[in-house]
Amino acid sequence: MAGFVEGVDRGQSTLFPAVLDDYVAEDNPVRAVDVFVDGLDLDKLGFVGVQPLDTGRLQLIRSIISSWLTR
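In this text the structure is predicted, and so the values were computed from the model without any measurement. (Residues numbered from 1 in each chain as written. Predicted model: local features only at pLDDT ≥ 70, side-chain atom pairs only at ≥ 80, totals over all residues. Heavy atoms only, no water.)

(A) Looking closely at the layout of surface pockets. Considering only enclosed or pocket space, the largest pocket measures out at about 220 Å³ in volume. In terms of lining residues, the largest pocket is bounded by Arg10, Leu20, Asp21, Val24, Val30, Arg31, Asp34, Gln59, Arg62, Ser63 and Ser66. Sorting the residues of the lining of the largest pocket by element identifies helix 1 (30-38) and helix 2 (57-69) as the ones contributing at least two each. Tallying contributions element by element places helix 2 first for the lining of the largest pocket, with 4 residues. Here the residues of the lining of the largest pocket sort into 3 nonpolar, 3 polar and 5 charged. (1 Å grid on protein atoms, 1.4 Å probe; cavity = no way out; pocket = protein on both sides within 12 Å on 5 of 7 lines; lining within 4 Å. Points joined across faces, edges and corners; volume = space filled by probe spheres on them. Helix = DSSP H or I, 4+ residues; strand = E, 2+ residues; numbered from the N terminus. Nonpolar A, V, L, I, M, F, W, Y, C, P; charged D, E, K, R; others polar.)

Structure, rendered in structure tokens:
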């Protein structure tokens, strides 16, 4: 559907490695970003009535923060 953000589940199986999450080392800073974004209370931040899906806006927030940290 046009106008909607579509994402890929990070737990999606792939040929190599078994899941995409296996590419990220346990001590990679992106894991801290993941925990931070998962802890965001979108209602308190003004996004009332928003129930994020696993693929969508939170993935975009993770990407932006991770990109900023690795620039």
